[in-house]
Amino acid sequence: MKSIDFLPAFLAPEQEPLAGAVAPAIENARRIQTAWSARPIRQRLQIVRRTRTLIAREALSLANAANQVRNRPLAEILTAEVLPLADACRFLERESERILKPKRLARRARPLWLSGTVSEIRREPYGLVLIIGPGNYPLFLVAVQALQALVAGNTVLIKPGSGGFQAATAFTRVLRRAGLPKDVLCVLPETVNAAEAAIAGGVDKVIFTGSARSGEEVLKQCARTLTPATVELSGCDAMFVREDADLDLVMRALQFGLRLNNGATCIAPRRLFVHHRLASELEVRLQRAALPASSIVDPHLSRCVIEALLAGADLIRGNIPSRGGAVSLPIVLRSVAPSMRIVREDIFRPILSLIPILDDADALALCSQCPYSLGATVFSRDRKAARSLATRIPAGVVSINDLIVPTADPRLPFGGRGRSGFGTTRGTEGLLEMTTTKVVSARRSKSHRHFDETQPGDTELFIAYIQAAHGRGLRNRLRAVSEIFRSIQKRSK
């Protein structure tokens, strides 16, 4: 295994800048943003293309840089962060020009009273985008968001999550080797103060990924300056195990979800809505399964589990000490009620709570009691029934007979609802989130009668026109057309 100490020179660790560097970073980014956005998009995409090549060349070094805190298998980081990042580059190379191209509106849908007017919708960069990253996927999440912001013509500040500074600076150096001008992207310190200073210093949009509680604080500060924000917040994801589900596949998915990134994935399953005929067998399998074990000290988790046990839940896996000490993970509970705090909060630990259900309708009703709606999964052999259920689940992304991995598709947007946030990142919609719309309309005809003052009889004329254009029934509309001609004749006299 290659250590971080053996990174190539351009990825070598550097000292984290002081918080006082935030103001100069904002000033430099603003100074260069106009020139950067004025570059043809094809030139910006050439940098993305070279970045993808460098990602392939330095894949292991980037994986090491992303592994400074979490101690994950390098193979996992390569597949969960480096490979999806390279694919995201390719998506931008192929699709960005089409997505961001100005769109001329067709004549066929234009109202008659706008005859002679031609309009187009343009996508323009916000200016300076602040990306506040999470600590659990320090490379992939912030890098894709940064790439989309850059391609759209923005300059970027990255405030990494805890332990993410090395990954962010490593990626930044890759971009600079690919030709990104200095000051177009800057990495700030990991501290909360750095994010606060950046927002107060005047950024044009904030992209935040993190807990709902932290998201609330970010939005409060954004509200003071009316700064728009996209927030991807916590999850307490549901897995729906229908009566016809393949339990072997369900178990493999649960083991994967508990193992991936040491259980710290926002769309890992937390609530298991299991058909009552399968609940007992699934409990036995979870008791016997070889699951990755660990121990932590987490008073909040302990309180939530103890509250659930006192309210009638049973602990079938893991251990909670009576007074302080380490919590044994993973935690698996059965007979959990949807009203319990353990399934209504964003606990970022490998926890599973089994909730027996009667049918799909019962599962949906119980699921709706949780305020988080990020992702969900459905396991069923009946594809039609599974798809029907998926369309009714209030979540930003739903996978059928799979877990987590499909969300890394670079074509797909990602985002939640409720306390899981709003707005999207990644995919076409994520790229558009990095832009603001501008409408340009031009009148080509010489007629500007709408500038004239209204005349006697105009009220009847306009009522007749509205009836002719939007009234119900051919006879009524024809009668309105006749009234239009009469009104015009009166006005001409």
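Above this text you will find the structure in question.
Conventions we followed
Residues numbered from 1 in each chain as written. Predicted model: local features only at pLDDT ≥ 70, side-chain atom pairs only at ≥ 80, totals over all residues. Heavy atoms only, no water. Helix = DSSP H or I, 4+ residues; strand = E, 2+ residues; numbered from the N terminus. Buried < 20%, exposed > 50% of the residue type's maximum accessible area, 1.4 Å probe, protein only. Contact = heavy atoms within 4.5 Å. Areas by Shrake-Rupley, 256 points an atom, 1.4 Å probe, with all protein chains shown as cover. Lys, Arg positive; Asp, Glu negative; His and termini not counted. Charge placed at Lys NZ, Arg CZ, Asp CG, Glu CD. Salt bridge = Lys/Arg side-chain N within 4 Å of Asp/Glu carboxyl O. 1 Å grid on protein atoms, 1.4 Å probe; cavity = no way out; pocket = protein on both sides within 12 Å on 5 of 7 lines; lining within 4 Å. Points joined across faces, edges and corners; volume = space filled by probe spheres on them. Nonpolar A, V, L, I, M, F, W, Y, C, P; charged D, E, K, R; others polar. Pairing = 2+ DSSP bridges. Axes fitted to C-alpha atoms, helices over the stretch in contact; angles between N-to-C directions.

Turning our attention to the overall build of the protein chain. Within the protein chain, the regular secondary structure consists of 16 helices and 19 strands. Along the first, second and third principal axes, the C-alpha set of the protein chain runs to 95 × 60 × 40 Å. Split into buried and exposed, the 493 residues of the protein chain put 50% on the buried side. Taking as baseline every contact in the protein chain between residues at least 6 positions apart, the subset at least 24 positions apart corresponds to 73%. For the protein chain, the exposed surface amounts to about 24,200 Å²; the carbon and sulfur share of it is 52%. Looking at the protein chain, you have 69 positive and 45 negative side-chain charges, and the mean spots of the two groups are 8 Å apart.

This part covers unusual backbone geometry. Cis peptide bonds are those with omega within 30 degrees of zero, and the linkage from L329 to P330 qualifies with 0 degrees. Mapping P330 onto the fold places it in strand β12 (residues 327–334). Backbone geometry at N71 places phi at a positive 55 degrees, although glycine is not the residue there. One non-glycine residue, R426, lies in positive phi territory at about 70 degrees. Inspection of the secondary structure assignment puts R426 in the loop between β18 (421–422) and α14 (427–433). For R426, a relative accessible area of 7% translates into the label buried.

To continue, consider the environment of A212. Its place among the elements puts A212 in helix α8 (residues 212–225). Excluding residues within four positions of it along the chain, A212 makes contact with L233, S234, D346, Y372 and R419.

Moving on, we get to the pattern of salt bridges. A full pass over the atoms with the stated rule returns 27 salt bridges. Close ionic contact of E283 with R334 constitutes a salt bridge, the shortest N to O distance being 3.1 Å. Here E283, found in helix α10 (residues 276–288), pairs with R334, found in strand β12; they are 51 residues apart in sequence, far enough to count as distant. A salt bridge links R341 to E345; its shortest N-O distance comes to 3.6 Å. Taking the relative accessible area as the measure of exposure, R341 reaches 27% and is therefore partly exposed. The network of salt bridges with shared partners includes R49, R52 and E93.

What follows is about empty space enclosed by the protein. The full count for this structure, using the stated rule, is 6 cavities of 30 Å³ or more. Broken down by secondary-structure element, the contributors of at least two residues to the lining of the largest cavity are β8 (237–241), β15 (375–379) and β16 (397–400). For the lining of the largest cavity, the class distribution of residues is 9 nonpolar, 4 polar and 1 charged. Roughly 60 Å³ of internal volume is contained in the second largest cavity. Lining the second largest cavity are P84, A88, F91, L92, F140, V144, Q148, A408, P410, R426 and G427.

Attention now moves to the sheet that holds strand β4 (residues 155–159). Spatially, β5-β4-β3-β6-β7-β18 is the arrangement adopted by the 6 strands of the open sheet, whose pairing is mixed. Sheet topology places β5 (185–187) and β18 at the edges, where each strand pairs with a single neighbour. Here β4 pairs with β5 via 3 bridges, running parallel. Bridge assignment links V156 to a residue of β5, and that residue is L185. Against the sheet, helix α6 (residues 165–177) touches β4 and β5, its axis set at about 155 degrees to β5. Sitting on the sheet, α8 is in contact with β3 (128–132), β6 (205–209), β7 (229–232) and β18, with an inclination near 170 degrees to β6.

By the criterion of burial, strand β13 (residues 351–357) is predominantly enclosed, with 6 of the 7 residues buried. Examined bridge by bridge, strand β9 (residues 269–275) and β13 share 5 bridges and lie parallel to one another. Note on β13: the bridge partner recorded for L272 is L354. In this structure, β12 lies alongside β13, joined through 3 bridges in parallel fashion. Considered in β13, the bridge of I331 is made with I351.

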